Amino acid sequence: MLALQTATGVTYLGGSSYNTEFANPTWWLAGFLLFVPIYLSSRRYPKHAAISVVAALVPQFALPTVVVYGYMDGGWGSGLEFFGYLFPIFMMPLFAAAAAVGAWLGRRKQRPQDGLRLAGR
């Protein structure tokens, strides 16, 4: 959501020229770095790996939705703004792989008595 807060919006440049930015692309691309906390949380809590992936992806899909509605409400909708969903789609396999590797390494690291303690025995 930092990408939305740092955007410049619609700026009139003169004549019929406008600069439209409903999200700061630099901060949005920084979302790809979320694979690090996903990996770490999945390694620490292997059973919750899928939850960490979903928690990281929901804002990534919410951002293009807000951008698309902003374009449509402003009368700028041409259909091409739906390509904004490509970043979250590309993030999905990266996040899933980070969670899978983290969960796999986390399960290997657990001692048998840790599993008994988590099961309430």
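Residues numbered from 1 in each chain as written. Predicted model: local features only at pLDDT ≥ 70, side-chain atom pairs only at ≥ 80, totals over all residues. Heavy atoms only, no water.

Colleague: Looking at this structure, how should I read the side chain of Q60?
Modeller: Here Q60 lies in helix α4 (residues 49-73). The contact partners of Q60, leaving out residues within four places of it in the chain, are W28, G31, L34, P88 and M91. (Helix = DSSP H or I, 4+ residues; strand = E, 2+ residues; numbered from the N terminus. Contact = heavy atoms within 4.5 Å.)

Colleague: I would appreciate a short explanation of a nonpolar patch on the surface in the present structure.
Modeller: Together, L80, F83, L86, I89, F90 and M92 give the surface a local cluster of nonpolar side chains, amounting to about 600 Å² of exposed area. For L80, the position within the fold is in the loop between α4 and α5 (86-109). (Patch = residues over 30% accessible without salt bridge, like charges linked within 9 Å, V, L, I, M, F, W, Y side chains within 5 Å. Areas by Shrake-Rupley, 256 points an atom, 1.4 Å probe, with all protein chains shown as cover. Salt bridge = Lys/Arg side-chain N within 4 Å of Asp/Glu carboxyl O.)

Colleague: What's the story with α4 in this structure? I'm lost.
Modeller: Because an α-helix completes one turn every 3.6 residues, residues spaced three or four positions apart along the sequence face the same direction. In this model α4 runs 37 Å from its N-terminal to its C-terminal C-alpha over 25 residues, within 8% of the 36 Å that 1.5 Å per residue would give. Immediately beyond the C-terminal end of α4, within one or two residues, lies G75, with a positive phi of roughly 80 degrees. (Expected span 1.5 Å × (residues − 1).)

Colleague: What is the right way to look at the packing of α4 against α5 in this model?
Modeller: The description of two packed helices rests on the angle between their axes and on the distance between the axes. One can describe the packing of α4 onto α5 by two numbers: an axis separation of 9 Å at closest approach and a directional angle of 165 degrees. By the angle class used here, α4 and α5 are roughly antiparallel. The way α4 lies across α5 gives a crossing that is right-handed. The segment α4 lies against α5, with A49, V53, A56, L57, Q60, F61 and P64 engaging P88, I89, M91, M92, F95, A96, A99 and A103. (Axes fitted to C-alpha atoms, helices over the stretch in contact; angles between N-to-C directions. Parallel < 35°, antiparallel > 145°, perpendicular 65-115°, else oblique. Left-handed = near helix turned anticlockwise from the far one by under 90°.)

Colleague: What is the right way to read the environment of F82 from this model?
Modeller: With respect to the secondary-structure elements, F82 resides in the loop between α4 and α5. Classification of F82 by relative accessible area gives partly exposed; the value is 43%. Spatially, the C-alpha atoms of F82 and P64 are 7.6 Å apart, while their sequence positions differ by 18 residues. (Buried < 20%, exposed > 50% of the residue type's maximum accessible area, 1.4 Å probe, protein only.)

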